[in-house]
Amino acid sequence: MIFEDHDRFAGFLSSFPFELPPSLAEIRKKAREDHVPIIRDDTQRFMAFLMKVTQPRRILEIGTAVGFSALLMAHFDDALEELVTIENYEPRIQEASENFGRSDAPVTFLKGDASEILKTIDGSFDFVFIDAAKGQYPDYLHLVRDHLTKGSVIVADNILQDGRILEPREALERRDRTIHKRIRGYLDMVMNDGSFQSTILPVGDGVAVSILVQTKGR
């Protein structure tokens, strides 16, 4: 029922005003023309809402693509001091760099394998957005865990995989089974770990939102 009505709901939601600045609208338009996957329209609205509610000072994004979601978060976050974003896919890196270069947002752009870079970064983050290789979500969670403080928020995108996450693993094509297993593993971690208060929302392709409520050793 959720997925059957999703397009109707998305259309209804879009009837209410949500405006991007011209620079972001242009990046979104080009990304769509180039078939670059960026966060969906209702996810854009949701992320803007979260920025206004949480007002994070330091954000970590895993998966930059062309920089659209990073610049969207920066635009709607009035308290932002630094946004660190990581991208490993070379064809996207140059375009993202150009987009960041045209903005005055406090973005630190790191190029390379997130699994390696996350072992070297310093400091803590108030907000983490995970939107990279879906099969590595559990690994990313382990790696960012020590960079969170009480009250830090993690948002993981594309959790529902267009509904495939609800299917038995055996019913999926072989190429989809590993991602299914890994995303289920991520959800098991954030939903069952008492350190987090988490929920899953059918926004866009599904988001898992987690808040760290208890730090290690407490």
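This text goes with the structure placed above it.
Here the structure is a predicted model, which is why all the values come from computation and not from measurement.

Asks: So what exactly am I meant to see when it comes to the overall build of the protein chain here?
Replies: From N to C terminus, the protein chain includes eight helices and seven strands. For the protein chain, the proportion of its 218 residues judged to be buried stands at 48%. Residue pairs at least 24 apart in sequence account for 69% of intrachain contacts in the protein chain once pairs closer than 6 positions are excluded. In the structure as shown, the protein chain presents an accessible area of about 11,500 Å², 50% of it carried by carbon and sulfur atoms.

Asks: What should I look at first to understand the sheet that holds strand E6 (residues 196–201) in this one?
Replies: To summarise the sheet geometry, strands pair through backbone hydrogen bonds and adopt either a parallel or an antiparallel arrangement. The strand order E3-E2-E1-E4-E5-E7-E6 describes an open sheet built from seven strands, whose pairing is mixed. Taken across any chain shown, the strands that pair with only one partner, and hence form the sheet edges, are strand E3 (107–111) and E6. For this sheet, the mean angle separating the axes of adjacent strands, direction not counted, is 15°. Lying on the sheet, helix H4 (residues 68–76) is in contact with strand E1 (58–62), strand E2 (82–87) and strand E4 (125–130); it crosses E1 at an angle near 165°. Against the sheet, helix H5 (residues 90–101) contacts E2 and E3, and its axis sits at roughly 165° relative to E3.

Asks: Just checking my understanding: could you explain the packing of helix H3 (residues 41–54) against H4 for this structure?
Replies: In a pair of packed helices, the angle between the axes and the distance between the axes together describe the arrangement. It is the contact of H3 with H4, at a shortest axis distance of 8 Å, that shows an interaxial angle of 40°. By the criterion of interaxial angle, the relationship of H3 to H4 is oblique. Crossing angle aside, the handedness with which H3 passes H4 is right-handed. Seen from H3, the contacting residues are Gln44, Met47, Ala48, Met51 and Lys52; seen from H4, they are Phe68, Leu72, Met73 and Phe76. Taken together, the residues of the contact of H3 with H4 break down into seven nonpolar, one polar and one charged.

Asks: I tried to follow the side chain of Arg92 on my own but got confused; where do I start?
Replies: Take Arg92: it is sitting in helix H5. For the buried Arg92, no salt bridge exists, and the shortest N-O distance to an oppositely charged side chain is 5.6 Å, to Glu95. Setting aside its immediate chain neighbours within four residues, Arg92 contacts Val36, Pro37, Ala65, Val66 and Glu87.

Reading guide: rules and limits
- All residue numbers here refer to positions counted from 1 along the written sequence of the relevant chain.
- The model is predicted, so local features are restricted to residues of pLDDT at least 70 and side-chain atom pairs to those at 80 or more, both for listing and for counting; the totals for chains, interfaces and linings are taken over all residues.
- With hydrogens and water set aside, each side-chain value is computed from the structure's full complement of heavy atoms.
- The secondary structure listing takes helices from DSSP runs of H or I that are at least 4 residues long and strands from runs of E that are at least 2 residues long, numbered from the N terminus.
- Remark: exposure states derive from per-residue accessible area (1.4 Å probe, protein chains only) relative to the maximum for the residue type, with buried under 20%, exposed over 50%, and partly exposed in between.
- Residue contacts follow a heavy-atom distance rule, with two residues in contact if any of their heavy atoms lie within 4.5 Å.
- For the accessible areas, the method is Shrake-Rupley and the probe is 1.4 Å, while residue cover comes only from the protein chains on display.
- Here the rule is simple: two strands pair whenever DSSP picks up at least two bridges between them.
- Only the stretch in contact is used when fitting a helix axis, every axis being a line fitted to C-alpha atoms; angles between N-to-C directions are given from 0 to 180 degrees.
- Should an angle lie under 35 degrees it is considered roughly parallel, over 145 roughly antiparallel, and from 65 to 115 roughly perpendicular; all remaining angles are considered oblique.
- Helix crossings fall into two classes, left-handed where the near helix is turned counterclockwise from the far one by less than a right angle and right-handed where it is turned clockwise.
- For this scheme, ten residues count as nonpolar: Ala, Val, Leu, Ile, Met, Phe, Trp, Tyr, Cys and Pro. Four count as charged, namely Asp, Glu, Lys and Arg, and the remainder, Gly too, count as polar.
- Positive residues here are Lys and Arg, negative ones are Asp and Glu, while His and the chain termini are left out of the count.
- Throughout this description, the term salt bridge denotes a Lys or Arg side-chain nitrogen within 4 Å of a carboxyl oxygen of Asp or Glu.

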